[in-house]
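Examining the three-dimensional arrangement
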Amino acid sequence: MKKIVLGLMMTCAMVGAKAQDNVETTVAADFVTHYVWRGQSLGSAAVQPTLGVSYKGLSLTAWGSYGLVDTNDNKEFDLTLAYTTGGFNIGVTDYWFSNGKDPEGRYFKYDAHGTNHVFEANIGYDFGPVALQWYTNFSGNDGVNKNGERAYSSYFEVSAPFKLATCDWTASLGVVPYATDFYENVKGFAVTNVTLKATKDIRVTDTFSIPIFAQVTGNPCSQRAYLALGFTLQP
């Protein structure tokens, strides 16, 4: 499983991005005090690098997370292929975690019953004031439902950006629609992620600034709450 980030939110699907005419490359790194993903705690302080290339709405992005404090934190390496046109986006992500069915954490092991990979498809639309996104695991080390069968674990999120004072804010609400142990053993429809995030650019020079963000996340299903702080470094 995966994913409050000091760099949260890596949005691999590039929601709302416009198709560009030139090849663009992204090189960045988030540093986070706590790695929280979809209302779940996935580790303590971490560095989360991003390397991506995009052309005319098509993008390929590599993203990772590596613990800075606890060496036992799950290591993660994700690859996302996505396409965006206007407000519409669609994508497929290969998540890999160092902990999983394979105790040796081998990356190139894709055995259906022994892999640490999880494959997920997503689709969404950014209307401007509100964005909708749906995610479903379709292969790999997915969770199981109450009958012990593959759950095809899914997650749906509504997010709304707004400005307040001198910060950019985003409010998000995420739900797991049916039973799966992939999301902390959800027994049925459950609200798992209520997040409010604020970002502010701190100017360093006339041409360079560092986005700093703070985020509070509550998970009504697991009765947990998290506060995270982070910043992003990007040339």
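Preceding this section is the structure that the text describes.
Residues numbered from 1 in each chain as written. Predicted model: local features only at pLDDT ≥ 70, side-chain atom pairs only at ≥ 80, totals over all residues. Heavy atoms only, no water.

1. Overview of the overall build of the protein
Filter applied, for reference: Strands here mean DSSP runs of E at least two residues long; helices mean DSSP runs of H or I at least four residues long; both are numbered from the N terminus. Just to be clear, the radius of gyration here is over C-alpha atoms, and the globule rule we use is 2.2 Å times residues to the power 0.38. Buried, partly exposed and exposed residues are distinguished by accessible area as a fraction of the type maximum, computed with a 1.4 Å probe on protein chains only: under 20%, between the cut-offs, and over 50%, respectively. To measure how exposed things are, a 1.4 Å probe is used in the Shrake-Rupley method; for residues, cover is taken only from the protein chains shown.
Secondary structure summary: the protein contains 0 helices and 14 strands in total. Its helices and strands taken in sequence order, the protein reads β-β-β-β-β-β-β-β-β-β-β-β-β-β from the N to the C terminus. Computed over C-alpha atoms, the radius of gyration of the protein comes to 17 Å, within 12% of the 18 Å expected from 2.2 N^0.38 for 235 residues, which places it in the range of a compact globule. Across its three principal axes, the protein shows a C-alpha extent of roughly 55 × 40 × 40 Å. The 235 residues of the protein split such that 45% are buried. Accessible surface, the protein as shown: approximately 11,900 Å² in total, 62% of it carbon and sulfur.

2. Structural notes on the pairing of strand β1 (residues 24–32)
Convention followed: For two strands to count as paired, DSSP must find a minimum of two bridges between them.
Sheet topology note: the β1/strand β4 (residues 46–55) ladder contains 9 bridges and is antiparallel. Bridge pairing links V32 to A46 in β4. Across 4 bridges, β1 lies against strand β14 (residues 224–233) in antiparallel orientation. Each bridged residue has a counterpart across the sheet, and for D30 the counterpart in β14 is T232.

3. Thoughts on the pattern of salt bridges
The line we're drawing: Any Lys or Arg side-chain nitrogen found within 4 Å of a carboxyl oxygen on Asp or Glu counts as a salt bridge.
With the rule as written, the count across this model stands at 5 salt bridges. Between D102 and R106 there is a salt bridge; the shortest N-O distance is 3.0 Å. Overall, the relative accessible area of 2% leaves D102 in the buried class. As a salt-bridge pair, K163 and D168 come within 2.3 Å of each other at their nearest N and O atoms. Residue class for K163 comes out exposed when judged on its relative accessible area of 66%. Of the residues examined, D168 reaches a relative accessible area of 38% and is grouped as partly exposed. Via salt bridges that share partners, D102, E104 and R106 belong to a single interconnected network.

4. With respect to the environment of V92
Here is the rule we go by: Throughout, a contact is declared for two residues whenever any of their heavy atoms are within 4.5 Å.
Of note, V92 is situated in strand β7 (residues 88–97). A C-alpha to C-alpha distance of 9.9 Å links V92 and L60, two positions 32 residues apart in sequence. Apart from residues no more than four positions distant in its own chain, V92 is found in contact with L79, T80, L81, E120, A121, N122 and F138.

5. Side note on the pairing of strand β9 (residues 131–140)
Along a regular strand, successive side chains alternate from one face of the sheet to the other. In this structure, strand β8 (residues 117–126) lies alongside β9, joined through 9 bridges in antiparallel fashion. Across the sheet, residue D126 finds its bridge partner in β9, namely A131. Between β8 and the antiparallel strand that follows it, β9, lie 4 residues; G128 among them carries a positive phi value of about 105°. Bridge count between β9 and strand β10 (residues 154–164): 6 bridges; the pairing is antiparallel. Bridge pairing in β10 links A131 to S159.

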